[in-house]
Amino acid sequence: MNHGTEFSLGALAAVCAACFTNPLEVVKTRMQLQGELKARGHYTVFYRNTFHALYTVAKYDGLRGIQSGLAPALGYQISMNGTRLGSFQIMVDMGLTDGVDCTFCGFLRTLLAAGLSGAVSNAVGSPFFMIKTHIQCKTDSKIAVGYQHTHKTMYQAVKEIVGHDGVKGLWRGASAGTLRGFIGSAAQLGAFTSTKKYFIFKEARNKCNIYHIFVEDSMMISILASMVGGISLAFFMTPFDVVCIRLYNQRTTESGKGMYYKGISDCFRKTYRSEGIAGLYKGWEPALIRIWPHTVLCLVFWDCFRDAYYKWNKSKA
Ligand SMILES: *[C@@H]1O[C@H](CO)[C@@H](O)[C@H](O)[C@H]1NC(C)=O
């Protein structure tokens, strides 16, 4: 199988997985906007935890509600992850990640490459992420959190935003997305690579220890490394994610300026001041839960598609 096919099947698998995990994105967006700039106890909690939130969204908004923003979510998934993997590969090919004699410097270079590819790709996919945020937060007034934009579909959103602020309006808040992308990608890939290396080195040192089972079946290492990568992602990225969601969603004045926050550091400061550290970690729970089904589904779909592709190829010959 050539690289192009491999890549397309991977992307298709990720898109299919995202269809199943989108409800968790909806819930995360709502939880991150809940109680915005209010101290604990000074607002009604509509979404108590991930499962309660899924139930509440389904009850008020129905099935369409729990799958809201699916179109921009898939657009984001394809444009962002596609650019991310592509640009990371380019940096690897350019030798950015090798040619050093100390392991730690090599690791730092890998982190840098991952961070840069995360930054570039999130700048590219920023409009999708912003529109996804607007649509996923829009709901019945009885359970509404955050500023409610008027558009309900991706098409309406693009028309309205471009009509109001021009094409550059689609990239409003993109600097926050870029920063979030840098941190997220470095945190995830850094943890992923170290976990993989850890198990492989352990194996080399001691042939008959328990890590052996992971090496026999490298699929297990992949799953485990993805999980550790995901945990690291949720831990390091959530505060940047909260800030990003709030900047993307905030109401704007006639001249296109944000009404609540002036920028990234202002949003960090205001959120921390009124909601504390817990405010900056809102939505960590659905973010963490999402990783399990997402990783497993990606691998399962990928396996199915590769299988189907082989069979189809054979039948052609
Ligand atoms: C992009 O890919 C990574 C790793 O495969 C995954 O954890 C992440 O959820 C994907 N992003 C989106 C927006 O689906």
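Conventions we followed
- Residues numbered from 1 in each chain as written.
- Predicted model: local features only at pLDDT ≥ 70, side-chain atom pairs only at ≥ 80, totals over all residues.
- Heavy atoms only, no water.
- Phe/Tyr/Trp six-rings, centres within 6.5 Å; stacked < 30°, edge-to-face > 60°.
- Helix = DSSP H or I, 4+ residues; strand = E, 2+ residues; numbered from the N terminus.
- Buried < 20%, exposed > 50% of the residue type's maximum accessible area, 1.4 Å probe, protein only.
- Salt bridge = Lys/Arg side-chain N within 4 Å of Asp/Glu carboxyl O.
- UniProt positions renumbered as here; feature names shortened; annotations may be inferred.
- Expected span 1.5 Å × (residues − 1).
- Bend = angle between axes of the 7 residues up to and from the residue.
- Near = heavy atom within 4 Å.
- Polar contact = N/O pair within 3.5 Å; in protein donor to acceptor, adjacent residues only side chain to side chain.
- Areas by Shrake-Rupley, 256 points an atom, 1.4 Å probe, with all protein chains shown as cover.
- Nonpolar A, V, L, I, M, F, W, Y, C, P; charged D, E, K, R; others polar.

Trainee: Is there a simple way to think about the packing of aromatic side chains in this case?
Mentor: Two measures describe an aromatic ring pair: the distance that separates the ring centres and the angle between the ring planes. Summed over the entire model, instances satisfying the criterion amount to 11 aromatic pairs. Considering the side-chain rings of Phe104 and Phe107, the 6.5 Å spacing of their centres and the 35° angle between planes classify their relative orientation as tilted. Here Phe107 and Phe104 lie together in helix α4 (residues 103-137), a separation of three residues that amounts to about one turn. Under the relative-accessibility criterion, Phe107 is labelled partly exposed at 28%. Aromatic side chains Phe240 and Phe268 sit 5.4 Å apart centroid to centroid with 80° between the ring planes, which places their arrangement in the edge-to-face category. On the criterion of sequence distance, the pair formed by Phe240 in helix α8 (residues 218-249) and Phe268 in helix α9 (residues 264-280) is long-range, its members being 28 residues apart.

Trainee: Explain the pattern of salt bridges to me, please; I cannot follow it from the model alone.
Mentor: When their charged atoms lie close together, side chains carrying opposite charge are able to pair. Per the stated rule, a full pass over the model turns up 12 salt bridges. For Asp241, the salt bridge identified is with Arg180, shortest N-O distance 2.6 Å. Placement of the pair is Asp241 in helix α8 and Arg180 in helix α6 (residues 174-205), with a sequence separation of 61 residues. Relative accessible area serves as the criterion here: at 7%, Arg180 is assigned to the buried category. Taken together, the salt bridges that share partners define one network made up of Glu25, Lys132 and Arg290.

Trainee: What exactly am I supposed to notice about the UniProt feature "repeat: Solcar" (unreviewed entry) in the protein here?
Mentor: Taken from the UniProt record, the annotation "repeat: Solcar" (unreviewed entry) applies to residues 1-94, 105-198 and 217-308. Split by type, residues 1-94 is 77% helix and 0% strand. Its first and last C-alpha atoms lie 24 Å apart.

Trainee: Explain α4 here, please?
Mentor: Since the α-helix turns once every 3.6 residues, residues separated by three or four places project in the same direction. The end-to-end C-alpha separation of α4 is 44 Å, well short of the 51 Å expected for 35 residues at 1.5 Å each. Approximately 60° is the largest bend angle found in α4, and it occurs at Gly125, with the proline Pro127 only one to four residues beyond.

Trainee: Is there a simple way to think about the site of the ligand in this case?
Mentor: Neighbouring the ligand are Tyr76, Gln77, Met80, Asn81, Arg84, Gln188, Arg290 and His294. At 3.1 Å from an oxygen atom of the ligand is found a side-chain nitrogen or oxygen belonging to Gln188. The contact in question runs from an oxygen atom of the ligand to an N or O atom on the side chain of Arg290, over 3.1 Å. Taking 360 Å² as the accessible area of the ligand by itself, protein coverage stands at 70%. At the level of elements, α3 (70-93) and α10 (284-316) are the ones that each hand at least two residues to the shell around the ligand. Counting residues per element, the shell around the ligand draws most heavily on α3, at five residues. Split into classes, the residues belonging to the shell around the ligand amount to two nonpolar, four polar and two charged.

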